[in-house]
Amino acid sequence: MRISELSRRSGVPAATIKYYRREGLLPEGRALNPTTVEYDEEHLQRLRLIRSLIQLGGLSVARTREVLEAVDRPLDAFETLGVVHHALPVPSAETEDTNGKSGADDEDGAGPESAADEAAPGGAAARVEALIENMGWQISDASPHRPALAESLAALSRLGTDYTADDLIPYARLATSTADLDFAQFDGIEDRIALAERAVVLTVLFEPVVRLLRRLAQEDANHRRHHRRACGRGEQPAE
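> Please explain the overall build of the protein chain as it appears in this structure.
When helices and strands are tallied, the protein chain shows 10 helices and 2 strands. Secondary structure elements of the protein chain, listed N to C terminal, follow the sequence α-α-β-β-α-α-α-α-α-α-α-α. Burial status across the protein chain gives 29% buried among its 239 residues. At a minimum sequence separation of 6, the contacts of the protein chain that also span at least 24 residues come to 60%. Looking at the protein chain as shown, the accessible area adds up to about 15,900 Å², and 51% of this sits on carbon and sulfur atoms.

Given below as structure tokens:
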């Protein structure tokens, strides 16, 4: 296919495709003549992954290149998913401003003293390690999600809301069930590029769906616990 068709099928502008090619993200096509290059289905598949990593995952071009280089190695499914999972942005309970910077600063207690508190027995980091041990989870020491969870717990503590490791276990059990459902969707996908793309879509696009399902369930629980009927569209809540 020519670049115009590749652009149409991928939804990526031709100029962006050329930029990805210059940056080494997309392999060169087959030159038919000095002015015409032909691309194939492998280019389309890789372009979809690049788009997922940059536009959906929010990765920089440099970070995307690192992920693609890792995926290009002869990895198995476990290693491929690990590379993608650790590359994606890590959620945090910290409030972010419009520039993407954390809203907490030293004045809010997020300085060195707070870091020391988090590392102390009973601190956020200790609670995370206790939770992982209690759940019997196999988590890499290099996982970015361990410190991110500790930071989120520390942020809650600064607001006067403390969750112990025992408090988190019921939520962790639900998370395990959710993760098992997630990984069932990878069954039968053998191609590394397709597997990586599916991981990005599932983690980035489906994560809001999970959060919204929780919100809907909370709304339902509120009605059930207070014996209230949900209003239909156009109806006003009962006084």
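> Would you mind showing me how to read the packing of helix α1 (residues 3-10) against helix α3 (residues 41-56) here?
Two quantities define a packed helix pair, namely the angle between the axes and the distance from one axis to the other. Two elements in contact, α1 and α3, have axes whose closest approach is 10 Å; the angle formed by their N-to-C orientations is 45°. As far as their axial angle goes, α3 and α1 are oblique. Pair α1 / α3 crosses with right-handed handedness. Residue-level inspection shows Leu6, Arg9 and Ser10 of α1 in contact with α3, the latter providing Glu41, His43, Leu44, Leu47 and Arg51.

> Any chance you could explain the pairing of strand β1 (residues 30-33) here in plain terms?
Taken residue by residue, a regular strand's side chains alternate between the two faces of the sheet. Bridge analysis of β1 against strand β2 (residues 36-38) gives 3 bridges, and the strand direction is antiparallel. Bridge pairing in β2 places Asn33 opposite Thr36. Between β1 and β2, which pair antiparallel and follow one another directly, the connecting turn spans 2 residues.

> Is there a simple way to explain helix α2 (residues 14-22) in this structure?
Along an α-helix, a turn takes 3.6 residues, which lines up residues three or four apart on a common side. The complete set of buried residues in α2 reads Ile17, Tyr20 and Arg21. Down the axis of α2, the buried side of the element spans an arc of 100°, and every buried residue falls inside it. Looking at α2, the residues exposed on the side facing more than 90 degrees away from the buried face are Ala15 and Arg22. Buried residues belonging to α2 abut α1 and α3.

> What am I meant to see in the packing of helix α7 (residues 124-135) against helix α8 (residues 145-158) here?
As a packed pair, α7 and α8 sit with axes 8 Å apart at the nearest point and diverge in direction by 125°. In terms of axis orientation, α7 runs oblique to α8. Regarding α7 and α8, the two cross each other, and that crossing is right-handed. Two secondary-structure elements touch here, α7 through Ala124, Ala125, Arg127, Val128, Glu129, Leu131 and Ile132 and α8 through Arg146, Leu149, Ala150, Leu153, Ala154 and Ser157. Here the contact of α7 with α8 is built from residues that sort into 9 nonpolar, 1 polar and 3 charged.

> Any chance you could explain the packing of aromatic side chains here in plain terms?
Each aromatic ring pair is described using two quantities: the centre-to-centre distance and the angle formed by the ring planes. Tallied over the full model, the rule gives 2 aromatic pairs. Measuring from ring centre to ring centre gives 6.0 Å for Tyr19 and Tyr20, while their planes differ by 45°; the resulting arrangement is tilted. Overall, the relative accessible area of 5% leaves Tyr20 in the buried class. Measuring from centroid to centroid gives 5.1 Å for Phe183 and Phe186, while their planes differ by 90°, and the two rings are edge-to-face. The class for Phe183 is partly exposed, based on a relative accessible area of 47%. The exposure class of Phe186 is buried, given its relative accessible area of 9%.

> What's the story with the pattern of salt bridges in this structure? I'm lost.
When their charged atoms lie close together, side chains carrying opposite charge are able to pair. This model, assessed by the stated rule, comprises 12 salt bridges. Close ionic contact of Asp72 with Arg46 constitutes a salt bridge, the shortest N to O distance being 2.9 Å. Taken together, the residues Asp72 in helix α4 (residues 61-72) and Arg46 in helix α3 connect sequence positions 26 residues apart. Since its relative accessible area comes to 41%, Asp72 is described here as partly exposed. With relative accessibility at 10%, the residue Arg46 sits in the buried group.

Rules used in this analysis
- Residues numbered from 1 in each chain as written.
- Predicted model: local features only at pLDDT ≥ 70, side-chain atom pairs only at ≥ 80, totals over all residues.
- Heavy atoms only, no water.
- Helix = DSSP H or I, 4+ residues; strand = E, 2+ residues; numbered from the N terminus.
- Buried < 20%, exposed > 50% of the residue type's maximum accessible area, 1.4 Å probe, protein only.
- Contact = heavy atoms within 4.5 Å.
- Areas by Shrake-Rupley, 256 points an atom, 1.4 Å probe, with all protein chains shown as cover.
- Axes fitted to C-alpha atoms, helices over the stretch in contact; angles between N-to-C directions.
- Parallel < 35°, antiparallel > 145°, perpendicular 65-115°, else oblique.
- Left-handed = near helix turned anticlockwise from the far one by under 90°.
- Pairing = 2+ DSSP bridges.
- Arc of directions from axis to C-beta.
- Nonpolar A, V, L, I, M, F, W, Y, C, P; charged D, E, K, R; others polar.
- Phe/Tyr/Trp six-rings, centres within 6.5 Å; stacked < 30°, edge-to-face > 60°.
- Salt bridge = Lys/Arg side-chain N within 4 Å of Asp/Glu carboxyl O.

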